[in-house]
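For reference, the chains in residue letters:
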Amino acid sequence: MEKRYARESRCYKTARVFPPDVNNHNTLFGGKLMAYIDDIASIAATKHCRQSVVTASTDSVDFLHPIRPTDAVSLESFVTWTGRTSIEVFVKVVKEDLLSGERKIAATSFLTFVSLNANRTPIPVPSVIPETEEEMKLYETAPRRAEARRVRRKESKEFADFLIVNPPWE
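Residues numbered from 1 in each chain as written. Predicted model: local features only at pLDDT ≥ 70, side-chain atom pairs only at ≥ 80, totals over all residues. Heavy atoms only, no water.

Draft legend 1. The arrangement of the overall build of the protein in detail. Regarding its fold elements, the protein presents two helices and seven strands. Element order for the protein, N to C, with α for helix and β for strand: β-β-α-β-β-β-β-β-α. With 170 residues in all, the protein has 42% of them scored as buried. A sequence separation of at least 24 residues applies to 73% of the contacts in the protein between residues at least 6 apart. One finds the centroid of the 25 positive side-chain charges in the protein at a distance of 3 Å from the centroid of its 23 negative side-chain charges. (Helix = DSSP H or I, 4+ residues; strand = E, 2+ residues; numbered from the N terminus. Buried < 20%, exposed > 50% of the residue type's maximum accessible area, 1.4 Å probe, protein only. Contact = heavy atoms within 4.5 Å. Lys, Arg positive; Asp, Glu negative; His and termini not counted. Charge placed at Lys NZ, Arg CZ, Asp CG, Glu CD.)

What follows is the structure, given as C-alpha coordinates:
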(Lines give C-alpha, C1' and ligand atoms only; values in the text may rest on other atoms or scores of the structure.)
Protein backbone atom coordinates (compact mmCIF):
# COMPACT_ATOMS: atom_id res chain seq x y z
CA MET A 1 0.00 0.00 0.00
CA GLU A 2 1.30 3.44 -0.84
CA LYS A 3 2.16 6.12 1.71
CA ARG A 4 1.21 9.79 1.72
CA TYR A 5 2.68 12.78 3.50
CA ALA A 6 0.54 14.44 6.17
CA ARG A 7 0.90 17.74 4.27
CA GLU A 8 -0.97 16.23 1.31
CA SER A 9 -4.14 16.08 3.41
CA ARG A 10 -3.78 19.52 5.02
CA CYS A 11 -6.86 21.76 4.72
CA TYR A 12 -7.73 25.26 5.91
CA LYS A 13 -11.02 27.09 6.49
CA THR A 14 -11.62 30.59 7.82
CA ALA A 15 -15.00 32.01 8.74
CA ARG A 16 -16.33 35.16 10.31
CA VAL A 17 -18.56 34.90 13.38
CA PHE A 18 -21.93 36.53 12.70
CA PRO A 19 -24.77 37.22 15.17
CA PRO A 20 -26.84 34.15 14.11
CA ASP A 21 -23.79 31.96 14.91
CA VAL A 22 -23.66 32.82 18.61
CA ASN A 23 -25.42 31.49 21.70
CA ASN A 24 -26.89 33.32 24.70
CA HIS A 25 -23.33 33.92 25.99
CA ASN A 26 -22.51 35.81 22.78
CA THR A 27 -19.94 33.16 21.81
CA LEU A 28 -19.89 30.82 18.82
CA PHE A 29 -22.33 27.91 19.21
CA GLY A 30 -20.38 24.76 20.06
CA GLY A 31 -22.49 22.80 17.58
CA LYS A 32 -21.65 25.25 14.78
CA LEU A 33 -17.93 24.82 15.50
CA MET A 34 -18.36 21.04 15.64
CA ALA A 35 -19.99 21.11 12.19
CA TYR A 36 -17.02 23.11 10.84
CA ILE A 37 -14.66 20.57 12.46
CA ASP A 38 -16.39 17.51 10.97
CA ASP A 39 -16.56 19.16 7.56
CA ILE A 40 -12.86 20.06 7.31
CA ALA A 41 -11.74 16.77 8.88
CA SER A 42 -13.75 14.79 6.31
CA ILE A 43 -12.04 16.73 3.52
CA ALA A 44 -8.58 15.93 4.95
CA ALA A 45 -9.47 12.23 5.29
CA THR A 46 -10.82 12.07 1.73
CA LYS A 47 -7.74 13.85 0.32
CA HIS A 48 -5.54 11.31 2.11
CA CYS A 49 -7.18 8.17 0.74
CA ARG A 50 -8.97 9.58 -2.36
CA GLN A 51 -11.97 7.42 -1.46
CA SER A 52 -15.30 8.03 0.24
CA VAL A 53 -15.08 8.27 4.01
CA VAL A 54 -17.52 8.19 6.88
CA THR A 55 -17.07 9.66 10.34
CA ALA A 56 -16.52 6.77 12.76
CA SER A 57 -16.02 8.91 15.85
CA THR A 58 -15.36 12.36 17.12
CA ASP A 59 -12.83 11.38 19.75
CA SER A 60 -12.65 14.76 21.40
CA VAL A 61 -13.44 18.41 21.00
CA ASP A 62 -11.71 20.49 23.62
CA PHE A 63 -13.04 24.05 23.79
CA LEU A 64 -10.18 26.13 25.18
CA HIS A 65 -11.20 29.77 24.58
CA PRO A 66 -14.55 31.32 23.63
CA ILE A 67 -14.96 32.61 20.09
CA ARG A 68 -16.73 35.97 19.92
CA PRO A 69 -18.42 38.00 17.13
CA THR A 70 -15.30 40.19 16.85
CA ASP A 71 -13.28 37.07 15.96
CA ALA A 72 -12.52 35.17 12.82
CA VAL A 73 -12.24 31.43 13.32
CA SER A 74 -9.65 29.46 11.34
CA LEU A 75 -9.47 25.68 11.20
CA GLU A 76 -6.55 23.57 10.06
CA SER A 77 -6.84 19.80 9.63
CA PHE A 78 -4.56 16.99 8.53
CA VAL A 79 -4.21 13.22 8.81
CA THR A 80 -2.06 12.23 11.78
CA TRP A 81 -2.24 8.44 11.71
CA THR A 82 -3.90 5.53 9.94
CA GLY A 83 -4.95 2.02 10.81
CA ARG A 84 -5.82 -0.57 8.20
CA THR A 85 -9.08 1.12 7.11
CA SER A 86 -9.26 4.01 9.58
CA ILE A 87 -7.88 7.53 9.41
CA GLU A 88 -7.23 9.77 12.41
CA VAL A 89 -7.54 13.50 11.66
CA PHE A 90 -6.44 16.37 13.90
CA VAL A 91 -8.20 19.73 13.75
CA LYS A 92 -6.71 22.89 15.24
CA VAL A 93 -9.05 25.85 15.73
CA VAL A 94 -7.51 29.32 15.99
CA LYS A 95 -9.50 32.42 16.89
CA GLU A 96 -8.27 35.81 15.81
CA ASP A 97 -9.64 39.02 17.25
CA LEU A 98 -10.14 41.02 14.07
CA LEU A 99 -9.74 44.34 15.89
CA SER A 100 -6.54 43.60 17.85
CA GLY A 101 -5.01 40.79 15.77
CA GLU A 102 -4.56 38.59 18.87
CA ARG A 103 -4.61 34.88 18.01
CA LYS A 104 -5.23 31.92 20.34
CA ILE A 105 -5.86 28.21 20.01
CA ALA A 106 -9.61 28.13 20.66
CA ALA A 107 -10.15 24.38 20.34
CA THR A 108 -8.55 21.10 19.31
CA SER A 109 -10.19 17.95 18.06
CA PHE A 110 -9.45 14.40 16.95
CA LEU A 111 -11.81 12.52 14.65
CA THR A 112 -11.64 9.07 13.10
CA PHE A 113 -12.92 8.19 9.64
CA VAL A 114 -13.27 4.90 7.80
CA SER A 115 -12.62 4.64 4.07
CA LEU A 116 -15.36 2.91 2.06
CA ASN A 117 -15.61 1.41 -1.40
CA ALA A 118 -18.65 1.72 -3.68
CA ASN A 119 -20.39 -1.09 -1.73
CA ARG A 120 -19.85 0.87 1.52
CA THR A 121 -17.40 -1.78 2.76
CA PRO A 122 -14.26 -0.61 4.61
CA ILE A 123 -11.13 -0.67 2.47
CA PRO A 124 -7.41 -0.25 3.27
CA VAL A 125 -5.93 3.25 3.36
CA PRO A 126 -2.42 4.54 2.69
CA SER A 127 -0.24 5.05 5.74
CA VAL A 128 0.81 8.59 6.63
CA ILE A 129 4.31 10.07 6.73
CA PRO A 130 4.78 12.87 9.27
CA GLU A 131 7.42 15.53 8.55
CA THR A 132 7.08 18.52 10.87
CA GLU A 133 7.65 18.46 14.63
CA GLU A 134 3.91 18.92 15.19
CA GLU A 135 3.04 16.08 12.79
CA MET A 136 5.61 13.76 14.39
CA LYS A 137 4.34 14.44 17.92
CA LEU A 138 0.76 13.69 16.85
CA TYR A 139 1.89 10.55 14.99
CA GLU A 140 3.89 9.24 17.97
CA THR A 141 0.99 9.75 20.39
CA ALA A 142 -1.64 8.24 18.05
CA PRO A 143 -1.39 4.58 19.18
CA ARG A 144 -2.41 5.61 22.70
CA ARG A 145 -5.44 7.47 21.31
CA ALA A 146 -6.30 4.47 19.08
CA GLU A 147 -6.27 2.14 22.10
CA ALA A 148 -8.47 4.55 24.07
CA ARG A 149 -10.91 4.59 21.11
CA ARG A 150 -11.05 0.77 21.07
CA VAL A 151 -11.82 0.66 24.80
CA ARG A 152 -14.41 3.46 24.56
CA ARG A 153 -16.12 1.84 21.56
CA LYS A 154 -16.39 -1.51 23.39
CA GLU A 155 -17.83 0.24 26.45
CA SER A 156 -20.25 2.22 24.27
CA LYS A 157 -21.54 -0.96 22.60
CA GLU A 158 -22.03 -2.62 25.99
CA PHE A 159 -23.84 0.43 27.29
CA ALA A 160 -26.03 0.65 24.16
CA ASP A 161 -27.15 -2.95 24.73
CA PHE A 162 -28.40 -1.88 28.17
CA LEU A 163 -30.37 1.16 26.96
CA ILE A 164 -34.11 1.07 26.33
CA VAL A 165 -35.23 1.79 22.76
CA ASN A 166 -39.00 1.99 23.31
CA PRO A 167 -40.54 5.47 23.60
CA PRO A 168 -41.28 6.40 27.23
CA TRP A 169 -45.04 6.47 26.59
CA GLU A 170 -45.16 2.76 25.69
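Draft legend 2. Highlighting helix 2 (residues 133–162). For helix 2, built from 30 residues, the straight-helix expectation of 44 Å at 1.5 Å per residue is met to within 8% by its first-to-last C-alpha distance of 44 Å. Bending of helix 2 peaks at approximately 40 degrees at the position of Ala142, with proline Pro143 no more than four residues after it. Considered for burial, the residues of helix 2 that qualify are Glu135, Leu138, Thr141, Ala142, Arg145, Ala146 and Arg149. Buried residues along helix 2 sit in contact with strand 3 (52–63), strand 4 (71–82), strand 5 (86–97) and strand 6 (103–116). (Expected span 1.5 Å × (residues − 1). Bend = angle between axes of the 7 residues up to and from the residue.)

Draft legend 3. Highlighting the sheet that holds strand 4. Reading across the sheet, the five strands line up as 2-4-5-6-3 and stay open at both edges, with antiparallel pairing between neighbours. With partners counted over all chains shown, the strands left at the sheet margins are strand 2 (11–16) and strand 3, one partner each. Adjacent strand axes in the sheet meet at a mean angle of 25 degrees when their direction is disregarded. In terms of strand pairing, strand 3 meets strand 6 through 10 bridges, oriented antiparallel. (Pairing = 2+ DSSP bridges. Axes fitted to C-alpha atoms, helices over the stretch in contact; angles between N-to-C directions.)

Draft legend 4. Here's a closer look at helix 1 (residues 30–49). Counted at 1.5 Å a residue, the expected span for helix 1 with its 20 residues is 28 Å, and the 29 Å between its end C-alpha atoms agrees. Considered for burial, the residues of helix 1 that qualify are Leu33, Tyr36, Ile37, Ile40, Ala41, Ala44, Ala45, His48 and Cys49. The positive-phi residue at the C-terminal boundary of helix 1 is Arg50, with phi of around 55 degrees.

Draft legend 5. Structural context of the nonpolar core. One finds Leu33, Val73, Leu75, Val89, Val91 and Val93 to be the most contacted residues of the largest nonpolar core, which totals 34 residues. Mapped by element, the contributors of at least two residues to this core are strand 2, helix 1, strand 3, strand 4, strand 5 and strand 6. Per-element tally for this core: the top contributor is helix 1, with eight residues. Apart from the residues within four sequence positions on either side, Val89 is in contact with Ala41, Ala44, Ala45, Ser77, Phe78, Val79, Thr80, Ser109, Phe110, Leu111 and Phe113. (Core = buried A, V, L, I, M, F, W, Y, C linked by side-chain atoms within 4.5 Å.)

Draft legend 6. Molecular detail of the packing of aromatic side chains. A full pass over the atoms with the stated rule returns three aromatic pairs. Between Phe90 and Phe110 the ring centres are 5.1 Å apart and the planes differ by 45 degrees, which places this aromatic pair in the tilted class. Of this pair, Phe90 sits in strand 5 while Phe110 sits in strand 6, placing them 20 residues apart in sequence. Arg7 extends its terminal NZ or CZ atom over the ring of Tyr5, reaching a point 4.3 Å from the ring centre. (Phe/Tyr/Trp six-rings, centres within 6.5 Å; stacked < 30°, edge-to-face > 60°. Lys NZ or Arg CZ within 6 Å of the ring centre and 35° of its normal.)

Draft legend 7. Representation of the side chain of Ser77 within the structure. Relative to the assigned elements, Ser77 resides in strand 4. Within the local environment of Ser77, its side chain forms a polar contact with the backbone oxygen of Ile40, the two atoms lying 3.1 Å apart. Excluding anything up to four places from it in sequence, Ser77 contacts Ser9, Arg10, Cys11, Ile40, Ala41, Ala44, Val89, Phe90 and Val91. (Polar contact = N/O pair within 3.5 Å; in protein donor to acceptor, adjacent residues only side chain to side chain.)

Draft legend 8. Spatial organisation of the environment of Ser57. Checked against the element boundaries, Ser57 lands in strand 3. Each C-alpha atom, one on Ser57 and one on Arg149, is 8.5 Å from the other, the two residues being 92 residues apart in sequence. Those residues in contact with Ser57 that sit more than four places away from it in its chain are Leu111, Thr112, Arg149 and Arg152. Here Asp59 takes part through its side chain, which lies 2.4 Å from a polar atom of the side chain of Ser57.

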